[in-house]
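# Remarks on the overall topology
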Amino acid sequence: MNIEVLLTEAEIAAEFAESIEARDLPEKFFYWTPQSVKAWEDVSAESAESVQSTWESLAVRAADLTKVFNGPVPVISFGAGDAQKDRILLRALAAAGREVRYFPVDASQQLLETACAGAEDDDCEVLGIKADISSPMHMVLAADVSEAPRLFLMVGSTLGGFDPMDQIRHVADCVKKGDILIIDAHLHPGTPDLVSDAQKRFVFAPFASAGVLADDGEIEFSERPDDRLDGMFMLTRRFMASRDLRLLVAGSEFSVARGERILLNFRYLFTPEAFRWLLTGHAGLRIVGEIPCSDGKTLTAVCIKG
Ligand SMILES: C[S@@+](CC[C@H](N)C(=O)[O-])C[C@H]1O[C@@H](n2cnc3c(N)ncnc32)[C@H](O)[C@@H]1O
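Each residue is numbered by its place in its chain's sequence as written, counting from 1. pLDDT decides what is reported in this predicted model: residues at 70 or higher carry local features, side-chain atom pairs at 80 or more are listed and counted, and totals for whole chains, interfaces and linings draw on all residues regardless. To obtain the side-chain values, all non-hydrogen atoms of the structure were included, while hydrogens and water were left out.

### Notes on the domain arrangement of the chain
As a reminder of what qualifies: For the domain bounds, the source is a domain assignment made automatically or taken from a database. In this analysis, two residues are considered to be in contact whenever any of their non-hydrogen atoms come within 4.5 Å of each other. When two parts are brought into contact, each loses some accessible area as probed by a 1.4 Å sphere; the total of that loss over both is the buried area. Just to be clear on terms, a salt bridge is a Lys or Arg side-chain nitrogen sitting within 4 Å of an Asp or Glu carboxyl oxygen. For this analysis, a polar contact is any N or O atom pair within 3.5 Å, provided that within protein one partner can donate a hydrogen and the other can accept it, and provided that sequence-adjacent residues contribute only side-chain to side-chain pairs. Runs of H or I in DSSP of at least four residues are treated as helices and runs of E of at least two as strands, each being numbered from the N terminus. Residues are grouped as follows: Ala, Val, Leu, Ile, Met, Phe, Trp, Tyr, Cys and Pro are nonpolar; Asp, Glu, Lys and Arg are charged; all remaining types, including Gly, are polar.
As assigned here, the chain comprises domain 1 (3–24 + 46–187 + 270–305) and domain 2 (197–269). For domain 1 and domain 2, the distance between their C-alpha centres works out to 26 Å. Between domain 1 and domain 2, the residue contacts involve 21 residues of the former and 22 residues of the latter. Both sides together, the interface formed by domain 1 and domain 2 hides about 1,800 Å², and carbon and sulfur atoms give 66% of it. The interface formed by domain 1 and domain 2 contains 2 salt bridges. Between Arg23 and Glu260 there is a salt bridge, with the nearest N and O atoms lying 2.9 Å from each other. Across the domain 1-domain 2 interface, the total number found is 6 residue pairs in polar contact (both at pLDDT 80 or more). Counting only elements with at least two residues in the side of domain 1 that touches domain 2, the list comes to α1 (9–21), α6 (164–174), β7 (180–187) and α8 (272–282). Among the elements that take part in the side of domain 1 that touches domain 2, α1 stands out by supplying 4 residues, more than any other. In the side of domain 1 that touches domain 2, the residues fall into 12 nonpolar, 5 polar and 4 charged.

Here's what the structure looks like:
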């Protein structure tokens, strides 16, 4: 298994310490430990059926989409996770006789290993890239693993785990003439969705991994519109300690006093119009195809450089 490392485990552990000090825990820490990965897999399983039709529909178009590629198709997936979705597309490309080189990019060592192992099982040439996709420099380095034309993926609402206004520009900077980007977003349901038990466990998992028990604290969920763009909403989560706590993470101890709050990873949701504007008006991409998912909760867009 080949994995190129731009982001080391030691760097992630140091950033965890800084984030806990700042009482603000970003997205990457919610996929860091085996407990978090398991919790995320349970959340993913909840929507697996509804996103299946999207991926089947993309798979049907895969050969056509990449017909202008001369030679192997480089597939670079930002925030690839366990690559379950990516592999549907990779297998469709292989079935259409395309030679594929797969580059899953992720901060999670465990998920990256799963992605690489899965691709190898499918007899697909794969190089994992352990990188921080919140860093524009890491994004460019990961994208430069191959020359255009490339097929970029950023799916599973990965964009919504970052500030979308900044992140989509970093993504668009990687997309050159001839490249294709497949990207999705969770759509705003109109009225706030109920938070499932699996989602609660996912958000709590970094604390559970650090020895925190369910009654040691509470997670507060809230949603607010983002004033920068009509139709863009931020779903925030905060942990509040119910008693004085000591978190044990990667061999270091961190204290959190009773009543203190820690900001957790957030999710952005969009109206279809806001998502389209973000891709086109804001990031300068052109949408050449759209695939809604069967339950209407996700919109997937196929984009090229505008
Ligand atoms: C919502 S999951 C989506 C995974 C996959 N694309 C899917 O559709 O199932 C987000 C992925 O981004 C990764 N991730 C989160 N923050 C990251 C960061 N700063 N740098 C690199 N990867 C990150 C996580 O490890 C996770 O695999």
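There is more to say after this.
### Thoughts on the packing of helix α2 (residues 34–65) against helix α7 (residues 197–209)
The line we're drawing: An axis is simply a line fitted to the C-alpha atoms; with a helix, the fit covers only the stretch in contact. Between two such axes, the angle follows the N-to-C directions and lies from 0 to 180 degrees. Oblique is the label for any angle not covered by the other classes, which are roughly parallel (under 35 degrees), roughly antiparallel (over 145) and roughly perpendicular (65 to 115).
Across the interface, α2 lies against α7 with an axial gap of 8 Å and an inter-helix angle of 175°. For the element pair α2 / α7, the angle class is roughly antiparallel. Here Gln35, Ser36, Ala39, Trp40, Asp42, Val43 and Glu46 of α2 lie close against α7, whose contacting residues are Ala198, Gln199, Arg201, Phe202, Ala205, Pro206, Ala208 and Ser209. Classifying every residue of the contact of α2 with α7 by side-chain character gives 8 nonpolar, 4 polar and 3 charged.

### A word on the packing of aromatic side chains
Counted only if it meets this: Planes of paired rings set the category: under 30 degrees apart is stacked, over 60 is edge-to-face and the rest tilted, where pairs are Phe, Tyr or Trp rings (Trp by its six-membered ring) whose centres lie within 6.5 Å. Partly exposed residues are those whose accessible area sits between 20% and 50% of the maximum for their type, while under 20% is buried and over 50% is exposed, using a 1.4 Å probe and protein chains only.
Under the definition given, this model contains 13 aromatic pairs. For the ring pair Tyr31 and Trp40, a centre distance of 5.8 Å and an interplane angle of 70° mean the geometry is edge-to-face. Its relative accessible area of 12% is what places Tyr31 among the buried residues. Classification of Trp40 by relative accessible area gives buried; the value is 16%. An aromatic cluster is built from Phe16, Phe29, Trp32 and Phe254, whose rings are joined through pairwise contacts.

### Some thoughts on α7
This is how the line gets drawn: What a helix is expected to span follows from its residue count: subtract one and scale by 1.5 Å. The angle between axes fitted to the seven-residue stretch ending at a residue and the seven-residue stretch beginning at it gives the bend at that residue.
Here α7 contains 13 residues, and its C-alpha end-to-end distance of 17 Å stays within 8% of the 18 Å for a straight helix at 1.5 Å per residue. The axis of α7 is deflected most strongly, by about 45°, at Val203, and proline Pro206 appears within four residues downstream. Among the residues of α7, Ala198, Phe202, Val203, Phe204, Ala205, Pro206 and Phe207 are the ones counted as buried. Elements that come into contact with the buried residues of α7 comprise α2, β8 (217–225), β9 (232–241), β10 (245–249) and β12 (261–263).

### A closer look at the site of the ligand
Selection criterion: Residues are labelled near a given molecule or strand when at least one of their non-hydrogen atoms is within 4 Å of it. To measure how exposed things are, a 1.4 Å probe is used in the Shrake-Rupley method; for residues, cover is taken only from the protein chains shown.
Contacts to the ligand come from 21 residues, most closely from Gly79, Lys85, Asp106, Asp132 and Ile133. The contact in question runs from a nitrogen atom of the ligand to an N or O atom on the backbone of Ala107, over 3.1 Å. The backbone of Gly156 places a nitrogen or oxygen atom 3.5 Å from an oxygen atom of the ligand. With the chains in place, 97% of the 590 Å² that the ligand exposes on its own is no longer accessible. Taken together, the residues that form the shell around the ligand break down as 9 nonpolar, 6 polar and 6 charged.

### Observations regarding the packing of α2 against helix α3 (residues 84–95)
The line we're drawing: For a crossing to be left-handed, the near helix must be turned anticlockwise from the far one by less than a right angle; the clockwise case is right-handed.
At a minimum axis separation of 8 Å, α2 and α3 run at an interaxial angle of 25°. Overall, the two elements α2 and α3 adopt an arrangement that is roughly parallel. Read as a crossing pair, α2 and α3 show a hand that is right-handed. Together, Val51, Gln52, Trp55, Leu58, Ala59, Ala62 and Ala63 of α2 and Lys85, Asp86, Ile88, Leu89, Ala92 and Leu93 of α3 make up the contact between the two elements. Its residues assigned to classes, the contact of α2 with α3 shows 10 nonpolar, 1 polar and 2 charged.

### What to know about the pattern of salt bridges
Within this structure, the stated rule accounts for 20 salt bridges. In this structure, Lys28 and Asp132 form a salt bridge, with 2.9 Å as the shortest nitrogen-oxygen distance. Placement of the pair is Lys28 in the loop between α1 and α2 and Asp132 in the loop between β5 (128–130) and α5 (136–143), with a sequence separation of 104 residues. The same class applies to Lys28 as to Asp132, namely buried. Ionic pairing is found between Asp122 and Arg87, a salt bridge with its closest N-O pair at 2.8 Å. Of the two residues, Asp122 is situated in the loop between α4 (109–121) and β4 (125–126) and Arg87 in helix α3; the sequence distance between them amounts to 35 residues. In this structure Arg87 comes out as buried when scored by relative accessible area, which is 14%. Taken together, the shared-partner salt bridges in this structure form one network comprising Glu15, Lys28 and Asp132.

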